[in-house]
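Architecture at a glance
Each chain, written out:
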Amino acid sequence: MQQGSSTRATLCRCGASKNKPYCDNSHKAISFQDNGKPETGDLSLDLQSAPLNVAPIKNGPLMVEGPVEIRTTDGRIVNLVLVSMSG
């Protein structure tokens, strides 16, 4: 990823997407609603210090390694994490 660039991926939370792990708006057809508001976690991590690697798995999760910013649907940052796949 280039310095100053960003990538946005909206992940499916309802389970109905035909393009998992990504959201394809299938939640609208099944009337899925999420009323939960996650609590804010530690926001002190410097996310500029490491590269982000993302590997999608067909019809499954994303394998993510590196700095990740977690946001709510209204754009509020709720957590900053550094994910490592090494033991």
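Thresholds, definitions, all that
Residues numbered from 1 in each chain as written. Predicted model: local features only at pLDDT ≥ 70, side-chain atom pairs only at ≥ 80, totals over all residues. Heavy atoms only, no water. Helix = DSSP H or I, 4+ residues; strand = E, 2+ residues; numbered from the N terminus. Buried < 20%, exposed > 50% of the residue type's maximum accessible area, 1.4 Å probe, protein only. Contact = heavy atoms within 4.5 Å. Areas by Shrake-Rupley, 256 points an atom, 1.4 Å probe, with all protein chains shown as cover. Patch = residues over 30% accessible without salt bridge, like charges linked within 9 Å, V, L, I, M, F, W, Y side chains within 5 Å. Salt bridge = Lys/Arg side-chain N within 4 Å of Asp/Glu carboxyl O. Pairing = 2+ DSSP bridges. Disulfide = S-S within 2.5 Å. Axes fitted to C-alpha atoms, helices over the stretch in contact; angles between N-to-C directions.

The subject of this paragraph is the overall build of the protein. Looking only at helices and strands, one finds one helix and three strands in the protein. Beginning at the N terminus, the succession of helices and strands in the protein can be written as α-β-β-β. When each of the 87 residues of the protein is scored for burial, the buried share is 15%. Across the protein, contacts joining residues at least 24 apart in sequence account for 32% of those joining residues at least 6 apart. Of the roughly 6,900 Å² of accessible surface on the protein, 50% is carried by carbon and sulfur atoms.

A cluster of nonpolar side chains, namely Ile-57, Met-63 and Met-85, defines an oily patch on the protein surface of about 260 Å² accessible area. Mapped onto the fold, Met-85 is located in the segment after β3 (77-83). Met-85 sits in the partly exposed class, given a relative accessible area of 44%.

To continue, consider the pairing of β3. In this structure, strand β2 (residues 62-71) lies alongside β3, joined through six bridges in antiparallel fashion. Paired with Glu-69 across the two strands is Leu-80, which belongs to β3. Counted along the chain from β2 to the antiparallel partner β3, the turn is five residues long, and its residue Gly-75 has a positive phi close to 90°.

Moving on, we get to the state of the cysteines. Tallying each qualifying case throughout the model produces zero disulfides. In this structure Cys-14 is a free cysteine whose sulfur lies 3.9 Å from that of Cys-12, the closest cysteine sulfur available. With no disulfide of its own, Cys-23 lies closest to Cys-12 among cysteine sulfurs, the gap being 6.3 Å. We classify Cys-23 as partly exposed; its relative accessible area is 26%.

Attention now goes to the sheet that holds β2. Strand order in the open sheet made by the three strands is β1-β2-β3, with antiparallel pairing throughout. Looking at the sheet topology across the chains shown, the edges are occupied by β1 (53-56) and β3. Neighbour-to-neighbour, the strand axes of the sheet open up by a mean angle of 45°, direction not taken into account. Pairing of β1 with β2 involves four bridges; the strand directions are antiparallel. Paired with Pro-56 across the two strands is Leu-62, which belongs to β2.

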